[in-house]
Amino acid sequence: TLILLAKLGEKSFSLVTEAIASALTGGTAGGLTNSDLRAGAYASLEGIGRYLLGNSSLTDDDDVSASVGKLADKVLGALTSCLPKDKHSGASPTTAAGGGGTTEAPPLVAKEVGTNALLAWMQLARRTKATGEKSGYDRGLDHLAEPLAKYNAKDGEFRFRLGSLIVPPPSSAYLSSSLVGGERNGDGGTVGGETLFESVIVDLVEKKKISKGLETVVDAAIKKHSTSDAVAQVDGALAVFLLVTYRSSGASASSSKFALPASAAKAIAAGSTVKGHDASFLYSPSLLDAAARGSGTGSDSGLLNYIL
C-alpha cells in the first residue's frame, strides 16, 4: 500500500518516504521497535527505491533529482541507524517454483530486506550526486566497512555486508514487477550491478581505507587454510576479489598505482603452480566444492560462482 501511494507523484513519494524514515528513527510515536515491524518498513523503502531507479523522468529532472537526493540522505541515515539492531538469518529463503508449481512465499527477514533497501538508496544517492562527506551515502559506506574495523569471521557480517554488493539478499523478491515496475524495465530499477559495486568498492578503499582490513581477512584465511584445508575460506576469497576489483577499476590515479598486499598477490600467484590447491586457499578443493555444491550458508554458492 505504501509503495502504491508513493507512485502517485513527486509529493506522494516524498511524503511517504519521509514518514517511513521518521518511523524507523522513532520520529513518530513509539517508532518501529522490533525487527518484524522494521522489515515491513525496509521492504517499502526498497520498493520505492526500485520504482525511482526505474523512472528516469523522476531522477533526471534537476529539481526532482535534488529532492530525491535529499530523500536518499534521510533514508540512508535511518537505515544505517536501524540495521545494526537486526540479525540476518543466514538461510536462503524459498522462492516461487516455476512450471505452475508454487512454494511458500519467502518471509520478510529484516536484515536482508533492509540491506536491499540500503543498496537501492545508495544507488539513488550516487545517481543524484548526494554523496558528500557526512551524507547518508557516507554513512552507508561506514555501515559496509564496519565489520573490517574488528574482523570476526564467526559473526558473518563481513561476508554478509560486502557480499551483498555482489549477490544481493533474495528475501524481498516478493516485490512484484507490477508493483515496482518503471519505464526503464518492467521489473523496476535494477538494484546493485557491477557499476554500483565497483563505485562503492572504490569509495570504500579510498574514503574508508578498508584495504588494511581486507588484508587482515586474507591473512586470516591463509592461517586457517594452513591448519585445515577442509573448510572453504569464503571470506578470504571475497577479500582478494575486492582488492583485485579496486586495483583493476582504473577509476582513479590511486587505484591505478595500488599494489596488492603481498599475501593476496601470493594467494593468486599460487594458481600457476602444480600444487596450487595446497599452497593457496583460493584453489583448494573445499572452496571449489562450496561453489559447485552450494555448501555453507545463505548465498555462499552464488557469491563464490561470481568471484572465482
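Every value quoted in this text rests on a predicted model; they were computed, and no experiment measured them. (Residues numbered from 1 in each chain as written. Predicted model: local features only at pLDDT ≥ 70, side-chain atom pairs only at ≥ 80, totals over all residues. Heavy atoms only, no water.)

(A) Highlighting the packing of aromatic side chains. For the structure on display, the rule yields four aromatic pairs. Centroid distance Tyr 151 to Phe 158: 6.0 Å. Interplanar angle 90 degrees. Geometry classified as edge-to-face. On the basis of relative accessible area, Phe 158 is assigned to the buried category, the value being 1%. Geometrically, the ring pair formed by Phe 241 and Tyr 306 is edge-to-face, given 5.9 Å between the ring centres and 90 degrees between the ring planes. Residue Phe 241 is found in helix 12 (residues 234–249), and its partner Tyr 306 is found in helix 17 (residues 300–307); the two are separated by 65 residues along the sequence. Its relative accessible area of 17% is what places Phe 241 among the buried residues. (Phe/Tyr/Trp six-rings, centres within 6.5 Å; stacked < 30°, edge-to-face > 60°. Buried < 20%, exposed > 50% of the residue type's maximum accessible area, 1.4 Å probe, protein only. Helix = DSSP H or I, 4+ residues; strand = E, 2+ residues; numbered from the N terminus.)

(B) Representation of the pattern of salt bridges in the model. Per the stated rule, a full pass over the model turns up 11 salt bridges. Note that Lys 111 and Glu 157 form a salt bridge whose closest N and O atoms lie 3.7 Å from each other. Here the residue Lys 111 occupies a position in helix 6 (residues 110–127), and Glu 157 occupies one in helix 8 (residues 157–163), the gap between them amounting to 46 residues. The exposure classification of Lys 111 matches that of Glu 157, with both residues buried. In this structure, Asp 235 engages Arg 159 in a salt bridge whose closest nitrogen and oxygen atoms are separated by 2.8 Å. Remark: Arg 159 occurs in helix 8 and Asp 235 occurs in helix 12; sequence separation between them is 76 residues. Accessibility expressed as a relative area gives 7% for Asp 235, which makes it buried. Assessed through its relative accessible area of 23%, Arg 159 is described here as partly exposed. (Salt bridge = Lys/Arg side-chain N within 4 Å of Asp/Glu carboxyl O.)

(C) Highlighting the environment of Asp 229. The topology assignment puts Asp 229 in the loop between helix 11 (211–227) and helix 12. With relative accessibility at 41%, the residue Asp 229 sits in the partly exposed group.

(D) Representation of unusual backbone geometry within the structure. Of note in the backbone geometry, Lys 129 takes a positive phi value of approximately 60 degrees without being a glycine. Overall, Lys 129 belongs to the exposed group, its relative accessible area being 71%. Backbone geometry places Lys 134, a non-glycine residue, at a positive phi of 65 degrees. As for its position among the elements, Lys 134 is in the loop between helix 6 and helix 7 (136–149). Look at Lys 134 and you get exposed, because its relative accessible area is 72%.

(E) Highlighting the side chain of Glu 157. On the accessibility criterion, Glu 157 (13% relative accessible area) is buried. Polar side-chain contacts of Glu 157 include one of 2.7 Å to the side chain of Arg 161. (Polar contact = N/O pair within 3.5 Å; in protein donor to acceptor, adjacent residues only side chain to side chain.)

(F) Representation of the environment of Leu 148 in the model. Examined against the element boundaries, Leu 148 turns out to sit in helix 7. Residue classification places Leu 148 among the buried positions, given a relative accessible area of 10%. Separated by 65 residues in the primary sequence, Leu 148 and Gly 213 have C-alpha atoms spaced 5.0 Å apart. The contact partners of Leu 148, leaving out residues within four places of it in the chain, are Phe 158, Ile 210, Gly 213, Leu 214 and Val 217. (Contact = heavy atoms within 4.5 Å.)

(G) How the structure looks around the packing of helix 3 (residues 35–53) against helix 6. Orientation of helix 3 relative to helix 6, taken along the N-to-C sense of each, is 30 degrees, at an axis distance of 8 Å. Judged by the angle between their axes, helix 3 and helix 6 are roughly parallel. Here helix 3 and helix 6 pass one another in a crossing that is left-handed. Residues Ser 35, Ala 39, Tyr 42, Ala 43, Leu 45, Glu 46, Ile 48, Gly 49, Leu 52 and Leu 53 of helix 3 touch helix 6, and the partners they reach there are Ala 110, Val 113, Gly 114, Asn 116, Ala 117, Ala 120, Trp 121, Gln 123, Leu 124 and Arg 127. Among the residues forming the contact of helix 3 with helix 6, the class breakdown is 13 nonpolar, five polar and two charged. (Axes fitted to C-alpha atoms, helices over the stretch in contact; angles between N-to-C directions. Parallel < 35°, antiparallel > 145°, perpendicular 65-115°, else oblique. Left-handed = near helix turned anticlockwise from the far one by under 90°. Nonpolar A, V, L, I, M, F, W, Y, C, P; charged D, E, K, R; others polar.)

(H) Layout of the nonpolar core. Of all hydrophobic cores here, the largest spans 76 residues; its most connected members are Leu 79 and Trp 121. What Trp 121 contacts, discounting residues up to four positions off in sequence, is Thr 17, Leu 45, Ile 48, Gly 49, Leu 52, Val 68, Leu 71, Ala 72, Val 75 and Leu 76. (Core = buried A, V, L, I, M, F, W, Y, C linked by side-chain atoms within 4.5 Å.)

(I) Quick look at the environment of Ala 237. Looking at the secondary structure, you find Ala 237 in helix 12. Sequence separation between Ala 237 and Tyr 283 is 46 residues, and the spatial gap between their C-alpha atoms is 9.7 Å. In contact with Ala 237, other than residues within four places in its own chain, are Phe 281, Leu 282, Leu 287, Leu 304 and Ile 307.

(J) Layout of the confidence of the model for the protein chain. For the protein chain, the mean per-residue pLDDT works out to 81, and 75% of the residues sit at or above 70. Across the protein chain, helix 7 holds the top mean pLDDT of 97, while helix 9 (residues 177–180) sits lowest at 45. Taken as a whole, residues 91–105 scores under 50 in pLDDT and shows 15 contacts with residues more than four places along the chain or in a different chain. Within the model, pLDDT remains below 50 along residues 176–189, and this stretch shows 38 contacts once partners closer than five positions in the same chain are excluded. (pLDDT = per-residue confidence, 0-100.)

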